[in-house]
Amino acid sequence: MYTKTKLAKKEVWVLKKMNSATWFSLIKQAFKIKKNPLPWTKAVCAGSCAAIPSLIGLLTGNLAYGMQAGIGAFTFLYVFNEPYAQRAKKLFWVMIGLSLSVGVGTILAPFPIFSALMLGVIGAVGTFIFGALQIPGPAAIFFILCFSMTSGMPINPALAPVRAGLVLLGGLLSWLIGMAGWLHRPHEPEIRAVKKVYLKLAGYLDSIGTEQLNLARHQAVIQMKDTEDVLKAGYISWRTTDLYKRLILLSNHANDIFLYVMERFPGRKQKMPVEAVKALRGIVGTIDHKMNTRLKFRLPEKMDKDLNELFRKIFDADAIMNEPISKINREITISKRSLGTVFGGVFDKNSIVFISAVRYGVILMIAALAAYSFDFYRSYWIPLSCAAVMLGSTIISTFHRAIQRTFGTIIGILAASIILSAKPQGIFIVFIIFTLTTLTELFIVRNYALAAMFITPNALLIAESSTHLHKISVFASARMVDVIIGCLIGLIGTYLTGRRTASSRLPHVLAKTIRSQMQYLHSLFSAQSQYPSSEQNPAHGKMHTNLTNLKIIYSTALGELSNNRTALESLWPAIHSLEQLGYHLDSCLKNSVRTVLPDESLAQLLLVFEAMANAVERKQSVVKKTVPEITDFPEIHKEVVDLQNALRTK
């Protein structure tokens, strides 16, 4: 996710173009059509979630109630490729949040000032929760949309329970459709993640002896960490299936193979046998629900002891898939950080998640107050446009969102004007809602401007269908003005408060991460401080919190309007080494037998880390120091040396 390649091709490229080309280049970049595959299944399901409540309302003689229940269909837009255990909880809380947003919005609709303040609170809290839990998707935007739409409905606080209940019913339908795949393939997301691990592992093996080694190794580490997170998210304490156990074992075994290759084939100049690469990719082809396809692969004609052991490990992976679970003599342990630990880690003045949430809420509140303080027609589109624009994580992406939002919404308003002027009735309304929602989900993966063309008329159709429009031209022009004002407020607010927020905090957070890894290392290899699991080791959670925050801040800093782009880019090797080092320290924690370092070696290691942290804080180059060896864990020594070298040349 945070690889140098991706970052350089996106934010850094755009920043360089701003200084060397015209603004036209930046605007052109905003309209670039991505080549992502169209998610037809998700799009049709999303359209069904929105249209079915309206259809039920139509058949029962109350289309208005059906359309209000269709607001709950926004729940389905939070469906991604997470495990079903995690999806069930996420969608449940989303539909509760959407329902409460509509209910509270209906109650506060007669009180514009309180409504504006609450809108800021909803935006800040939603942004903080989604950022802290690293949940992909639209974050707080649909909670804001649901809250704002109530001001476009007939004002009647007494209807709050009815509207909230209808949205809850629509959300329940979305929950059921979103969870339908569990009946057929309950562990499909976990299976997909484990397959990716073995593909990346095969890629790493294939890169040995080439210039792509470091990149392939980093990608393998990232994928192993992501897969571990996916499997943890799919854990259900009261229900652990044999398939889930096998997937956990396969993931752990991939880690074993990776560490074995790093230990036994360091600095290898020639390519690995093609049979080994094919064998690992063969495992990917045999992983399915039945786990009954035996792996077939050919051994190389010449093998030494190390290669023979590697093939034995690959064969063991096949055994994990096919042998009865009772014959596999391995224990399964799942350790997860508590929500208190996660939220506590990001509730800090230097946390970019906390800062972004506060900024989001304050600017949104200002936009709402400005909208309600002047005589704008249906003014909720001003804070709504502001909220959509600020979803961009950097000033550059915010500018892109502003362009996309303005262009797409203006086209969408024109489409909505045509649709509403035709005064559609009955089944045509249901068909329009289905079509617009489906098209939104199809094209949002290509470009937000395309999606905004369909989001806008859909939202307007729901919110304005009960309003008698006398002058379509007044309606359309008012909407366009609202959108432009909202986009400008979001863009100016982000520029004034966030153009250097991340880059100014980067040295402190980098030093803090280095020190937390020092503490973690001390807890692992000191005789006075031994922890049997990650849950019992406070340094483990602290290091991961700091490392996550560092990666977010670094990627955000690359998209800011900074004059120090070269210095920022030069930090990438150091962050890469920190991530690799974190992985190897975690691997040590899983090892029940660890080396206890002599006090002299441990003191020297602490000195090395503290020297690096001090140099980073003072923005100085690191003075090279001797890094002591760690018996049985040579990869840790290598990563510390690499980290020191990276900070010497930054």
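Residues numbered from 1 in each chain as written. Predicted model: local features only at pLDDT ≥ 70, side-chain atom pairs only at ≥ 80, totals over all residues. Heavy atoms only, no water.

Caption draft 1: Layout of the pattern of salt bridges. Taken as a whole and assessed by the stated rule, the structure comprises 15 salt bridges. Linking Glu639 and Arg217 is a salt bridge whose minimum nitrogen-to-oxygen distance equals 3.6 Å. Here Glu639, found in helix H27 (residues 634–648), pairs with Arg217, found in helix H11 (residues 213–233); they are 422 residues apart in sequence, far enough to count as distant. Here Glu639 and Arg217 have matching classes, each one buried. A salt bridge links Arg515 to Glu610; the shortest N-O distance between them is 3.0 Å. Of this pair, Arg515 sits in helix H22 (residues 501–525) while Glu610 is found in helix H26 (residues 599–617), placing the two residues 95 residues apart along the sequence. Ionic contacts of the salt-bridge type, sharing partners, join the residues Glu82, Arg87 and Lys90 into one network. (Salt bridge = Lys/Arg side-chain N within 4 Å of Asp/Glu carboxyl O. Helix = DSSP H or I, 4+ residues; strand = E, 2+ residues; numbered from the N terminus. Buried < 20%, exposed > 50% of the residue type's maximum accessible area, 1.4 Å probe, protein only.)

Caption draft 2: Local environment of the nonpolar core. In terms of nonpolar packing, the biggest core is built from 68 residues, with Ile71, Phe74, Leu98, Phe142, Ile144 and Leu461 touching the most fellow members. Among the elements that make up this core, the one with the highest residue count is helix H20 (residues 448–464) (10 residues). Setting aside chain neighbours within four positions, we find Phe142 in contact with Phe74, Leu77, Tyr78 and Leu98. In this structure, Ala511, Leu550, Leu578 and Leu605 belong to the second largest nonpolar core, which totals 54 residues. (Core = buried A, V, L, I, M, F, W, Y, C linked by side-chain atoms within 4.5 Å. Contact = heavy atoms within 4.5 Å.)

Caption draft 3: The arrangement of the packing of aromatic side chains in detail. Tallied over the full model, the rule gives 15 aromatic pairs. Relative to Phe354, the ring of Phe128 has its centre 6.4 Å away and its plane inclined at 85 degrees; by these criteria the two rings are edge-to-face. Of this pair, Phe128 sits in helix H6 (residues 112–132) while Phe354 is found in helix H16 (residues 352–373), placing the two residues 226 residues apart along the sequence. Measuring from ring centre to ring centre gives 5.9 Å for Phe443 and Phe454, while their planes differ by 25 degrees; the resulting arrangement is stacked. Separated by 11 residues along the polypeptide, Phe443 in helix H19 (residues 427–443) and Phe454 in helix H20 bring together distant segments of the chain. An aromatic cluster is built from Phe74, Tyr78, Phe130, Phe142 and Phe143, whose rings are joined through pairwise contacts. Just above the ring of Phe80 sits the side chain of Lys42; from NZ or CZ to the centre is 4.1 Å. (Phe/Tyr/Trp six-rings, centres within 6.5 Å; stacked < 30°, edge-to-face > 60°. Lys NZ or Arg CZ within 6 Å of the ring centre and 35° of its normal.)

Caption draft 4: Inspection of the side chain of Ser516 at higher detail. Considering the arrangement of structural elements, one finds Ser516 in helix H22. The buried category is assigned to Ser516, whose relative accessible area is 1%. A polar atom in the side chain of Ser516 sits 3.4 Å from the side chain of Asn546. Contacts of Ser516, omitting those with residues within four sequence positions, involve Lys542, Met543 and Asn546. (Polar contact = N/O pair within 3.5 Å; in protein donor to acceptor, adjacent residues only side chain to side chain.)

Caption draft 5: Up close: helix H13 (residues 274–286). When the terminal C-alpha atoms of H13 are compared, their 19 Å separation across 13 residues agrees well with the 18 Å that a helix rising 1.5 Å per residue should span. Looking only at H13, the buried set comprises Ala276, Val277, Ala279, Leu280, Ile283, Val284 and Thr286. In this structure, the buried side of H13 is in contact with helix H10 (188–207), helix H12 (242–264) and helix H14 (305–322). (Expected span 1.5 Å × (residues − 1).)

Caption draft 6: View of a nonpolar patch on the surface. A surface patch of nonpolar side chains, amounting to about 460 Å² of accessible area, comprises Met118, Val121, Val125, Ile129, Leu133 and Leu339. With four residues, the top contributor of residues to the nonpolar patch is H6. Mapped onto the elements, Leu133 comes out in the loop between H6 and helix H7 (141–149). Judged by relative accessible area, Leu133 falls into the partly exposed class, the value being 32%. (Patch = residues over 30% accessible without salt bridge, like charges linked within 9 Å, V, L, I, M, F, W, Y side chains within 5 Å. Areas by Shrake-Rupley, 256 points an atom, 1.4 Å probe, with all protein chains shown as cover.)

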